[in-house]
Amino acid sequence: MQPLHARYPFLQSARDAVEEAAVDLGEVVATDEVVVERARERVEWAITDGSVGDPHRRTRVELLSYPVARVLVSLVDTPVCTRKYAQAEAEAARERFVDEFTAGESFSYGDTESLSLQALLAEFDLTAAVHETADGYRIDVGTYLELAADQWGDEWRLVNRALTDGEVPVTTEELHTLLKQAIRHRIDDGLPFDVPDAIADELDAEVESIQTTLSEMDLTREIDTVVPDLFPPCMQHLLDAVQKGEHLEHHSRFALAAFLTSIGMTTDEIVELFQVNPGFGEEATRYQVDHIRGDTSPTEYSTPSCATMQSYGDCKGKDDICEDEINESHPLNYYEHRLDESDDEEIEDWRESDEESEA
């Protein structure tokens with residue numbers, strides 16, 4: 001087991017090192033409290049901070065905490081925990097490999113080897129798909145589309161790239177982002193998995209601790225995905241009313257606009273949406289939306305809670321998810337739950353479908 005494996009436990013060589021050492025995971029969780037504690041820390045830091053915490057000074061502890069952390073994530077078995085954990089591990093890896101790529105041969109981690117770009121590309125079978133150029137890199141279009149699929153922003157759209165001979169130009173930083181995505185895919189792959197009862201029983205306390213951390217947090221994430229079919233019933237009702245040209249009270253317009261800004265819609269997109277509403281005035285609407293998002297006010301207003309929606313009579317069509325105590329407190333909690341429960345392949349951003357229809 002080498003320090004390189006502890007820094008990048010997702011590497012195939014790290015997995016091979018654990019297998020060659022004949023590590024019995026059941027014995028580890030039953031007897032090695034330090035490894036189990038570091039594994040719990042990895043998961044809880046991922047949930048609360050988006051990181052995996054500071055690495056343990058002992059290589060064996062740091063490396064073995066990774067498979068144990070994956071076991072814990074599988075036992076907790078909630079989409080938000082799985083997602084946050086995979087993202088945190090991938091981000092930690094990115095920070096490390098960027099430091100090593102930048103430092104080059106001067107990088108020092110004791111007397112051990114560092115990870116090179118060529119080695120990381122080979123790890124994910126990308127050597128033939130990525131080519132260095134004078135001002136960055138070019139990546140095969142199929143590989144680009146696969147790794148950029150979860151990136152949001154106009155700069156990632158293929159139509160905005162100078163596609164030449166089946167290759168897409170990317171900057172060094174963009175390549176690092178795509179490599180992070182490849183790492184996240186590998187970490188996420190297979191999670192959650194079935195855990196033998198003997199191992200699960202040894203981790204009851206750690207699982208309970210992680211579940212407590214989850215329950216105490218506001219897990220509403222920064223969402224940048226617009227899928228009206230997954231909106232909570234209250235927001236679907238308000239959106240339908242707007243699209244039908246029905247009059248909305250000020251509090252209803254505020255609630256819908258605040259929700260839409262919270263899930264990533266721009267002021268221009270929201271203004272366009274409200275154009276069919278009676279009494280629409282572009283200047284006034286634009287000012288109100290910018291005011292809500294904090295561009296023309298000292299406060300960024302949040303989406304009203306379920307209790308507030310009920311008090312104003314905007315709570316419509318309550319369903320079973322609304323009744324769930326985990327999701328009923330806020331429309332964004334509902335929406336995040338629906339996104340997490342949906343397959344990525346089935347999620348089509350409203351804005352992307354609009355662009356395709358216009359084309």
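In what follows, the accompanying structure is described. (Residues numbered from 1 in each chain as written. Predicted model: local features only at pLDDT ≥ 70, side-chain atom pairs only at ≥ 80, totals over all residues. Heavy atoms only, no water.)

### Let's talk about the sheet that holds strand 2 (residues 136–140)
Argument step 1. Spatial strand order, 1-2-3: three strands in an open sheet with antiparallel pairing. Across the chains shown, the open sheet's two edge strands, defined by having one partner strand only, are strand 1 (130–133) and strand 3 (167–170). Looking at each pair of strands side by side, their axes are set apart by 30 degrees on average, direction ignored.
Argument step 2. Sheet analysis places strand 1 next to strand 2, joined by four bridges and oriented antiparallel. Residue pairing across strands places His131 opposite Arg138, the latter belonging to strand 2.
Argument step 3. In the packing of helix 8 (residues 141–148) onto the sheet, the strands contacted are strand 2 and strand 3, and the crossing angle to strand 2 comes to about 95 degrees. (Pairing = 2+ DSSP bridges. Helix = DSSP H or I, 4+ residues; strand = E, 2+ residues; numbered from the N terminus. Axes fitted to C-alpha atoms, helices over the stretch in contact; angles between N-to-C directions. Contact = heavy atoms within 4.5 Å.)

### Points about a negative patch on the surface
Argument step 1. Together, Asp197, Asp201, Glu202, Asp204 and Glu208 make up a negatively charged patch on the protein surface.
Argument step 2. Going through the elements one at a time, helix 10 (197–202) and helix 11 (204–216) are the ones with two or more residues in the negative patch.
Argument step 3. With three residues, the top contributor of residues to the negative patch is helix 10.
Argument step 4. Along the chain, the position of Glu208 falls in helix 11. (Patch = residues over 30% accessible without salt bridge, like charges linked within 9 Å, V, L, I, M, F, W, Y side chains within 5 Å. Areas by Shrake-Rupley, 256 points an atom, 1.4 Å probe, with all protein chains shown as cover. Salt bridge = Lys/Arg side-chain N within 4 Å of Asp/Glu carboxyl O. Lys, Arg positive; Asp, Glu negative; His and termini not counted. Charge placed at Lys NZ, Arg CZ, Asp CG, Glu CD.)

### Brief notes about unusual backbone geometry
Argument step 1. With omega at -10 degrees, the peptide bond leading from Leu191 into Pro192 counts as cis.
Argument step 2. Despite not being glycine, Ala22 shows a phi value in the positive range, around 55 degrees.
Argument step 3. Among the structural elements, Ala22 can be located in the loop between helix 2 (12–20) and helix 3 (25–31).
Argument step 4. Classification of Ala22 by relative accessible area gives exposed; the value is 65%. (Buried < 20%, exposed > 50% of the residue type's maximum accessible area, 1.4 Å probe, protein only.)

### Overview of the packing of aromatic side chains
One pair of aromatic rings is described through two measures. These are the centre distance and the angle between the planes.
Argument step 1. For the coordinates displayed, the defined rule picks out seven aromatic pairs.
Argument step 2. Between Phe231 and Tyr335, the ring centres sit 5.3 Å apart and the planes meet at 80 degrees, which makes this aromatic pair edge-to-face. Taken together, the positions of Phe231 in the loop between helix 11 and helix 12 (233–243) and Tyr335 in helix 18 (residues 331–341) put the pair 104 residues apart, joining distant regions of the chain.
Argument step 3. Looking at Phe231, the relative accessible area reads 0%, which means it is buried.
Argument step 4. Feature note: the residues Tyr8, Phe10 and Phe124 constitute an aromatic cluster, connected by ring pairs.
Argument step 5. Positioned over the ring face of Trp156 is Arg161, at 5.4 Å from the centre of the ring. (Phe/Tyr/Trp six-rings, centres within 6.5 Å; stacked < 30°, edge-to-face > 60°. Lys NZ or Arg CZ within 6 Å of the ring centre and 35° of its normal.)

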